[in-house]
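# Commentary on secondary and tertiary structure
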Amino acid sequence: MKVGFIGLGIMGSRMAANLQRAGHKLVVYNRTQAKADELVEKGAVRAQSVEEVAKQCRLVFTMLATPEAVEEVAVGPDGFLRALPGNSLWVDCSTVNPSFSQKMGHIARKMGQRFLYAPVSGSLVPAEKGELIFLVGGDAADLEQVRELLDVMGKSVVHAGENGQGASMKIVINMLLAQAMAAFSESLRLGTALGIAEETLCQTLLSTPAAAPFLKLKQQKLLNRDFSPEFPLEWMHKDLHLASITAYEQNIALPSLQTTKELYAQAKQQGFGEEDLSAIYKVFRPDA
Ligand SMILES: NC(=O)c1ccc[n+]([C@@H]2O[C@H](COP(=O)([O-])OP(=O)(O)OC[C@H]3O[C@@H](n4cnc5c(N)ncnc54)[C@H](OP(=O)(O)O)[C@@H]3O)[C@@H](O)[C@H]2O)c1
């Protein structure tokens, strides 16, 4: 069976490449066509539009930047959903908010299609190594249909529950990641101002339980001032915005989330949006 893959950015290109290496026949589409070249050279079929993907596949993965992009690609005027054969399966791996993923599931079902929301935890390197963690929300039978493919792209699959639950889990994780990255940067700021060498600070903080384990993966980026994107900062800002919308919908106050969101907004405003999320450090260290 041919597998459709729409969205070949940092994450999607690597996820699709793993499917291809495992022998799956792919039909691929990316808005910026050049990003599909490598997969096409290795045998994937290039679709000129998302509709063309849908006409050739009964299973379509999407890995897109934002809820707006997902909506446009799936149900916009040239969206792929209406071109899919009935009872096909759409698996969205993009990070979106729970109410949006529920809305997409609802629309897909109304259009006679099945929908699974399967966002991922893990960045560029786990995506490349096929070591992502899938946080799936949706029907268990639909999950079983794609489990083998998820196992190719990831090291574990968590079935969080009904549609919406995968998104909830993902948004909670990212809120924590964003805050940990910002808090670590702020701690480095104070420590260096007090005259402690940056490297010593990093090593000491990272050897205590006070620092989140993922920060070890960012240590070299900070010390080498290598902010090339693994997880673009602008998408972390988007995720904080989605968490903020969700907090509003739930009628709960999350004050540190709002402050952290504004820090990432400031970083974006300063031109660091397309750099790695670790570039938040530059808000605290303009000289960095
Ligand atoms: N990078 C990470 O570490 C990471 C980890 C977990 C989850 N995520 C999530 O995964 C998703 C993709 O992230 P990424 O890092 O792969 O980002 P990325 O490299 O910026 O890729 C974004 C993809 O979305 C496409 N896109 C954006 N707007 C579009 C539109 N209006 N119509 C059609 N296509 C559109 C882009 O197409 P073009 O190439 O034409 O721009 C590209 O294929 C995001 O939701 C992100 O939050 C990322």
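This section reports on the structure supplied with the text.

Rules of the game
Residues numbered from 1 in each chain as written. Predicted model: local features only at pLDDT ≥ 70, side-chain atom pairs only at ≥ 80, totals over all residues. Helix = DSSP H or I, 4+ residues; strand = E, 2+ residues; numbered from the N terminus. Rg over C-alpha atoms; globule rule 2.2 N^0.38 Å. Buried ≥ 20, exposed ≤ 12 C-beta atoms within 10 Å, placed from the backbone. Contact = placed C-beta atoms within 7 Å. Near = placed C-beta within 6 Å. Nonpolar A, V, L, I, M, F, W, Y, C, P; charged D, E, K, R; others polar. Domains from an automatic or database assignment. Pairing = 2+ DSSP bridges. Axes fitted to C-alpha atoms, helices over the stretch in contact; angles between N-to-C directions. Parallel < 35°, antiparallel > 145°, perpendicular 65-115°, else oblique. Left-handed = near helix turned anticlockwise from the far one by under 90°. Core = buried A, V, L, I, M, F, W, Y, C linked by C-beta atoms within 7 Å.

Of the regular secondary structure elements, the chain holds 13 helices and nine strands. Taking 19 Å as the expected radius of gyration for a compact globule of 288 residues, we find that the chain reaches 20 Å, a close match to that expectation. Counting every position in the chain, which comprises 288 residues, the buried fraction comes to 45%. Residue pairs at least 24 apart in sequence account for 63% of intrachain contacts in the chain once pairs closer than 6 positions are excluded.

In the region of the ligand, 26 residues are neighbours, and Gly-9, Arg-31, Thr-32, Ser-123 and Phe-231 sit closest. Secondary structure elements with two or more residues in the shell around the ligand: helix H1 (10–21), helix H4 (67–75) and helix H11 (233–250). Across the shell around the ligand, the residue classes tally to 13 nonpolar, eight polar and five charged. Two domains each provide a minimum of three residues to the shell around the ligand, namely domain 1 (3–162) and domain 2 (168–284).

This brings us to the pairing of strand E8 (residues 132–137). Burial within E8 is extensive, with five of its six residues counted as buried. Two elements, strand E7 (residues 120–121) and E8, share two bridges in a ladder whose sense is antiparallel. Note that in E8 the partner of Val-120 across the bridge is Phe-134. Bridging between E8 and strand E9 (residues 154–161) involves six bridges; their strand directions are parallel. Paired with Leu-135 across the two strands is Val-158, which belongs to E9.

On to the packing of H11 against helix H12 (residues 255–272). Contact pair H11 / H12: the axes reach a minimum separation of 9 Å and the direction vectors enclose 150°. In this view, H11 runs roughly antiparallel relative to H12, as classed from their interaxial angle. Here the hand of the crossing between H11 and H12 comes out left-handed. Note on element contacts: H12 touches H11 through Leu-257, Gln-258, Thr-260, Lys-261, Tyr-264, Ala-265, Ala-267, Lys-268 and Phe-272, opposite Leu-233, Glu-234, Met-236, His-237, Leu-240, His-241, Ala-243, Ser-244 and Ala-247. Taken together, the residues of the contact of H11 with H12 sort by class into 10 nonpolar, five polar and three charged.

With that settled, the discussion passes to the nonpolar core. Val-28, Val-53, Val-60, Phe-80 and Ile-280 are the most contacted members of the largest nonpolar core, which has 83 residues in total. Sorting elements by how many residues they give to this core places helix H8 (residues 165–193) first, with nine residues. Three or more residues apiece are contributed to this core by two domains, here domain 1 (3–162) and domain 2 (168–284). Residues within four places of Val-60 in sequence aside, it is in contact with Gly-4, Ile-6, Val-53, Ala-54, Phe-80, Leu-84 and Trp-90.

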